[in-house]
Amino acid sequence: MNCDVIKDLIPLYIDECCSDESSKIVDEHIESCASCKRLMDEMKAPPEMAKAPEPPASFNRLSGWLASLMQATLMLGAFVLIAIGVALEASTPNGAMNSFWAFNVVVPSTGFLLSMANWCFLRQYKSRKSFSRFSLIITLGITLCVYAWSVFHYEIYNAIKLSEDTILFYGLGLLLTAVFCIVSGTLSNQYAKMLGKE
Ligand SMILES: [Zn+2]
């Protein structure tokens, strides 16, 4: 029997739509023909799933829960730092150390805490990368704005005559700002990943 004829019969054979006579012919042919046998096996196999299996829903829920926990922990951490900074600043007598804790702890922590509000708008971003980059920029931007406001609030422009001491005086704050920017960029990326953002 010609292979082409058998190939035409195979779909009917699989669907059990051909006559007993035809079935018998197909059976006999594939006994001795490897290529038709292979075709038959391929057509019998269930179609392969195009998509990878979905992760179980419990995993997504856990991951979303962990993302919220991370966000809450960061916000609480920033809040605690602000409280500590305010307490230290309040207990500092007027003098050379005035505004030291405000600038070095309260300002960067406040900038970071305020920037965390942006994390609620994750859905607005087209990608995880843009969200992460913007989180870093917004942390820096808000912190610099709070610094600018503090300069007026503490009337630093009158106090600062000490040029090279200034960097040393506010160095800790600048360092903390840099740390918060890195934390914001890195952890916002992780946060977005946990919530399934591509
Ligand atoms: Zn054949």
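Residues numbered from 1 in each chain as written. Predicted model: local features only at pLDDT ≥ 70, side-chain atom pairs only at ≥ 80, totals over all residues.

Novice: Looking at this structure, how should I read the overall build of the protein?
Specialist: Scanning the protein for helices and strands turns up 8 helices and 0 strands. Listed N to C, the secondary structure of the protein is α-α-α-α-α-α-α-α in terms of helices and strands. Buried residues in the protein amount to 23% of all 198 residues. Across the protein, every contact between residues at least 6 apart in sequence was considered, and the portion connecting residues at least 24 apart equals 76%. (Helix = DSSP H or I, 4+ residues; strand = E, 2+ residues; numbered from the N terminus. Buried ≥ 20, exposed ≤ 12 C-beta atoms within 10 Å, placed from the backbone. Contact = placed C-beta atoms within 7 Å.)

Novice: Would you mind showing me how to read helix H6 (residues 128–153) here?
Specialist: Note on helix geometry: an α-helix contains 3.6 residues per turn, so any two residues three or four positions apart are oriented the same way. The end-to-end C-alpha distance of H6, which contains 26 residues, comes to 37 Å, matching closely the 38 Å that a straight helix rising 1.5 Å per residue would cover. When H6 is considered as a whole, its buried residues turn out to be Phe131, Ser132, Ser135, Leu136, Ile138, Thr139, Thr143 and Val146. At the exit of H6 stands Glu155, carrying a positive phi of roughly 50°. (Expected span 1.5 Å × (residues − 1).)

Novice: Could you clarify how one ought to interpret the nonpolar core in this entry?
Specialist: Side chains that are nonpolar tend, in soluble globular proteins, to be buried together. Judged by nonpolar contacts, the single largest core of 14 residues is most densely connected at Ala78, Phe112, Leu113, Met116, Phe180 and Tyr191. Considering each element in turn, this core owes the most residues, 5 residues, to helix H8 (residues 163–194). Residues within four places of Met116 in sequence aside, it is in contact with Gln71, Leu74 and Met75. (Core = buried A, V, L, I, M, F, W, Y, C linked by C-beta atoms within 7 Å.)

Novice: Got a minute to help me understand the packing of helix H1 (residues 3–14) against helix H2 (residues 20–32) in this structure?
Specialist: The packing of two helices is summarised by the inter-axis angle and the distance between the axes. Two elements in contact, H1 and H2, have axes whose closest approach is 10 Å; the angle formed by their N-to-C orientations is 115°. H1 and H2 meet at a crossing whose hand is left-handed. In this structure, H1 contributes Ile6, Leu9, Ile10 and Tyr13 to the contact, and H2 contributes Ser22, Ser23, Val26 and His29. (Axes fitted to C-alpha atoms, helices over the stretch in contact; angles between N-to-C directions. Left-handed = near helix turned anticlockwise from the far one by under 90°.)

Novice: I tried to follow the environment of Lys126 on my own but got confused; where do I start?
Specialist: Note that Lys126 resides in the loop between helix H5 (100–115) and H6. Take Lys126: there are 9 C-beta atoms within 10 Å of it, and that puts it in the exposed class. A sequence separation of 72 residues divides Lys126 from Glu198, and the C-alpha atoms of the two residues are 8.4 Å apart.

Novice: Before we go on, may I ask you to explain unusual backbone geometry in this structure?
Specialist: Among all residues save glycine, negative phi is the norm, and among peptide bonds the norm is trans. Even without a glycine there, the phi angle at Glu16 is positive, about 55°. Here Glu16 is to be found in the loop between H1 and H2. A count of 7 C-beta atoms within 10 Å places Glu16 in the exposed class.

Novice: Before we go on, may I ask you to explain the environment of Leu122 in this structure?
Specialist: Its place among the elements puts Leu122 in the loop between H5 and H6. Between the C-alpha atom of Leu122 and that of Ser135, which follows or precedes it by 13 residues, the distance is 9.9 Å. Sequence-distant contacts of Leu122, defined by excluding residues within four places in its chain, comprise Phe131, Ala192, Leu195 and Lys197.

Novice: Looking at this structure, how should I read the packing of H5 against H6?
Specialist: One way to put it is that H5 packs onto H6 with a least axis distance of 8 Å and a crossing angle of 135°. Compared by their axis directions, H5 and H6 come out oblique. When the axes of H5 and H6 are compared, the crossing they make is right-handed. Touching Ala102, Phe103, Val107, Pro108, Thr110, Gly111, Phe112, Leu114 and Ser115 of H5 are Ser135, Ile138, Thr139, Ile142, Thr143, Val146, Tyr147 and Ser150, all from H6. When its residues are assigned to classes, the contact of H5 with H6 shows 10 nonpolar, 7 polar and no charged. (Parallel < 35°, antiparallel > 145°, perpendicular 65-115°, else oblique. Nonpolar A, V, L, I, M, F, W, Y, C, P; charged D, E, K, R; others polar.)

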